[in-house]
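One letter stands for each residue in the lines below.
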Amino acid sequence: RPLLSLPGNLWRFGQSVTLAAGLWTRNLVTAAEESVESSIKYPVNYELDEMTQETNRESGRFSIEYATLAARLACFSYLEGGMYWRSDTRLVDSFHVTHPSQFSMGMLAASNRFSAFVQGFAPDLIPNSVVVNGESVSLNTQLSSGWGRINSGLLKEFDSDTDVVIMHDVKKETIYIMWQGTQSTTDAINDIRFLPRYWPYGDQSYFASDGFVRSHEAVIVDIKNTLKSLWSTNQYKKIFVVGHSLGGILANLNAHALSYLMQKELEGTGLPKEERLVCYTFGAPRGMTWELRNDYNKRVPHSYRFRNDEDIVPRIPSPNKYHAGIPVILDEHRVVLNFDESAISSFIGDKSELSEAFSDHHISSYLSHIIGLKSRLRVTPEQSDEIEKAFISLVEPTDEKQVWTVLQPTEKSKTNPLARYIKVGVDPVPLPVGVKAILQEAFGKEKVTDEICDNL
């Protein structure tokens, strides 16, 4: 079989090389082409220092609530794909859940079986069927092409190894589409197939990386059919697309495709363009040619591309490929919107910890940073000062009474003497009365109860 497919593969490779050379030559001629940015404007290197409440947020502006939800959804896509679909013993025809014992961890989480895990996680799995024009239409079907199936919004296509989860929140009139990142050898091969391939959406010829287009096109027909069936129930007005790593660039491509495939439905909602189609991505690689990137920024203005400062994947070069969306760089201490990538490579100059370039790429690292940002933005400067006083008054006396293991400070914490890494004993250590009084004055006794203070 490999020998029989060799001539066709060589022919397609030759086409891709020829196309790449032509696009490279054209890029030399059109190098001065104007850059089209999102209609949502921020100053360059705008540091976020306050949290805008969702009710007061202008259309398309950065939303910490959206960012937190997007990171949770991206985490969920890995949990679902890794624990439900990956089975060499199950036939594709039997991909359905008929008994609770067959539930995956992801489905149990989505069904609110683990309340602690899904706290603040409102979306749910889509129904198995919907009523269209008085007839029941099943949303659990074999895929229209390739080898795979969609059940309860869990979509798996095996030839390209593409994993997608579709969820919804009727109260918020929103459909969520989550694209899983690299999880297999097939995914890795698609990651490095960077030669250009025709992108079949838009009013002119656009191109994107071959591997990304291949993964997207393997499932887009079934995603479109599912969305249109759901939309026919008149319960939805928004589409929210998220993804991490490989799933990030696939989310970008998907949002661009849906801006054309669902244009009539989205325009009929009456919502502004900045709110009816939203895309948040994390650690996404480059994948669009310049013209496609410009059209994306026009069609999907509410699009934020997150990059942990040391994440290596978004920084990997790809010939004639670009990022799309409003760039956001963040770490444990700060977040900068619309950052200048040529000026800010990272927040710290120390590159001795090469492992951070990879650990920063993990979706859990993004979720941790965003939740930390959300917590910091909720605290007033006055409360922050009170916390600092409480920390100092707690550490200084207990240093003499307790056995503490003080770890070596990291590069990021050397400039902040309070950022000490301390390992405490297993038994709870009650707060001194003075510290308890400081915290209760800052946040109120109803939030900082005696029980909390006695079991830290």
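See above for the structure.
For the structure given in this document, a descriptive report is provided here. The structure presented is a predicted model; accordingly, all values stated were derived computationally and were not measured. (Residues numbered from 1 in each chain as written. Predicted model: local features only at pLDDT ≥ 70, side-chain atom pairs only at ≥ 80, totals over all residues. Heavy atoms only, no water.)

## Focus: the nonpolar core
Put simply, the test is: Nonpolar cores are built from buried Ala, Val, Leu, Ile, Met, Phe, Trp, Tyr and Cys residues. Side-chain atoms within 4.5 Å join them into one set. For each residue, the accessible area found with a 1.4 Å probe, counting protein chains only, is set against the maximum for its type, and the residue is called buried under 20%, exposed over 50%, and partly exposed in between. The helix and strand labels rest on DSSP assignments: H or I over at least four residues marks a helix, E over at least two residues marks a strand, and numbering proceeds from the N terminus. Contacts are assigned to residue pairs that have any heavy atoms within 4.5 Å of one another.
In terms of nonpolar packing, the biggest core is built from 44 residues, with Ile177, Trp179, Ile223, Ile239 and Val241 touching the most fellow members. Looking at which element gives the most residues to this core, the answer is helix 7 (residues 246-261), with eight residues. When near neighbours in sequence (up to four residues on either side) are disregarded, isoleucine 177 contacts Val164, Val165, Ile223, Leu227, Ile239, Phe240, Val241, Val242, Asn254 and Leu258.

## Focus: the pairing of strand 3 (residues 129-132)
Walk down a regular strand and you will see the side chains alternate between the two sheet faces. Worth spelling out the cut-off: The pairing criterion is simple: DSSP has to find at least two bridges between the two strands.
Pairing analysis gives four bridges linking strand 3 to strand 4 (residues 135-138), with the strands arranged antiparallel. Of the residues in strand 4, the one forming a bridge with valine 132 is glutamate 135. Between strand 3 and strand 4, which follow one another and run antiparallel, lie two residues, and asparagine 133 among them has a positive phi close to 55°.

## A look at helix 14 (residues 433-443)
Our working rule: Arc, as used here, means the arc of the directions from the helix axis to the C-beta atoms.
Of the positions making up helix 14, those classed as buried are Val435, Lys436, Leu439 and Gln440. Relative to the axis of helix 14, the buried residues are bounded by an arc of 130° and lie together on one face. Opposite the buried face of helix 14, at more than 90 degrees from it, the exposed residues are Val433 and Glu441. Two residues or fewer past helix 14, glycine 444 is found with a positive phi of approximately 95°.

## As for the environment of isoleucine 363
Structurally, isoleucine 363 is set in helix 12 (residues 363-378). On the basis of relative accessible area, isoleucine 363 is assigned to the buried category, the value being 6%. Remark: the alpha-carbon pair of isoleucine 363 and glycine 181, spanning 182 residues in sequence, is separated by 9.6 Å.

## Let's talk about the packing of helix 6 (residues 220-231) against helix 7
Threshold: Only the stretch in contact is used when a helix axis is fitted, and all axes are lines through C-alpha atoms; the angle between N-to-C directions ranges over 0 to 180 degrees. Any angle between 65 and 115 degrees counts as roughly perpendicular, while under 35 counts as roughly parallel, over 145 as roughly antiparallel, and the rest as oblique. Handedness of a crossing is defined here by the sense of rotation of the near helix relative to the far one, left-handed for an anticlockwise turn of less than a right angle and right-handed for a clockwise turn. For this classification, the nonpolar set comprises Ala, Val, Leu, Ile, Met, Phe, Trp, Tyr, Cys and Pro, the charged set comprises Asp, Glu, Lys and Arg, and every other residue, Gly included, is treated as polar.
With their axes 12 Å apart at the nearest point, helix 6 and helix 7 run at an angle of 55° to one another. Comparing their axes, helix 7 and helix 6 come out oblique. Along this stretch, helix 6 crosses helix 7, giving a crossing that reads as right-handed. Residues Ile220, Lys224, Leu227 and Lys228 of helix 6 form the contact with helix 7, whose own contacting residues are Asn254, Leu258 and Leu261. Partitioned by chemical class, the residues of the contact of helix 6 with helix 7 number four nonpolar, one polar and two charged.

## Examining the environment of asparagine 294
Along the polypeptide, asparagine 294 turns up in helix 10 (residues 290-299). Separated by 259 residues in sequence, asparagine 294 and serine 35 place their C-alpha atoms 6.7 Å apart.

## Notes on the side chain of aspartate 331
Counted only if it meets this: Definition of a polar contact: a pair of N or O atoms within 3.5 Å, with one able to donate and the other able to accept a hydrogen when the atoms are protein atoms, and with sequence-neighbouring residues admitted only if both atoms are side-chain atoms.
Within the secondary structure, aspartate 331 sits in the loop between strand 15 (326-330) and strand 16 (335-337). At a separation of 3.0 Å, a polar atom in the side chain of aspartate 331 contacts the main-chain amide nitrogen of arginine 334.

## What about the packing of aromatic side chains?
Centre distance and the angle of the planes are the two values used to describe a pair of aromatic rings. Basically, it comes down to this: Ring geometry is summarised as follows: Phe, Tyr and Trp rings, the Trp one being its six-membered ring, pair when their centres sit within 6.5 Å, and such pairs are stacked at plane angles under 30 degrees, edge-to-face over 60 and tilted between the two. Any Lys NZ or Arg CZ that is within 6 Å of a ring centre and within 35 degrees of that ring's normal is treated as a charge sitting over the ring.
Evaluation of the coordinates by the stated rule reveals 16 aromatic pairs. Directly above the ring of tyrosine 42 sits arginine 61, whose terminal nitrogen or CZ lies 3.9 Å from the centroid. Between arginine 299 and the ring centre of tyrosine 260, over which it is positioned, the NZ or CZ distance is 3.8 Å.

## Some details on the packing of helix 5 (residues 210-217) against helix 7
Pairs of packed helices are described in terms of their axes, by the angle between the two and the distance that separates them. Two numbers describe how helix 5 lies on helix 7: the axes approach to 10 Å, and their chain directions differ by 65°. Between helix 5 and helix 7 the crossing geometry is right-handed. Each of Phe212, Val213, Ser215 and His216 in helix 5 lies in contact with helix 7, whose residues at this interface are Leu246, Ile249, Leu250, Leu253, Asn254 and Ala257. For the contact of helix 5 with helix 7, the per-class residue count stands at seven nonpolar, three polar and no charged.

## Here's the deal with unusual backbone geometry
Of note, aspartate 161 is a non-glycine position whose phi angle comes to about 55°, a positive value. Note that aspartate 161 resides in the loop between strand 7 (154-157) and strand 8 (162-169). Phi at serine 245 is positive, roughly 60°, even though this residue is not glycine. Tracing the backbone through its elements, the reader meets serine 245 in the loop between strand 12 (238-244) and helix 7. The exposure class of serine 245 is buried, given its relative accessible area of 8%.

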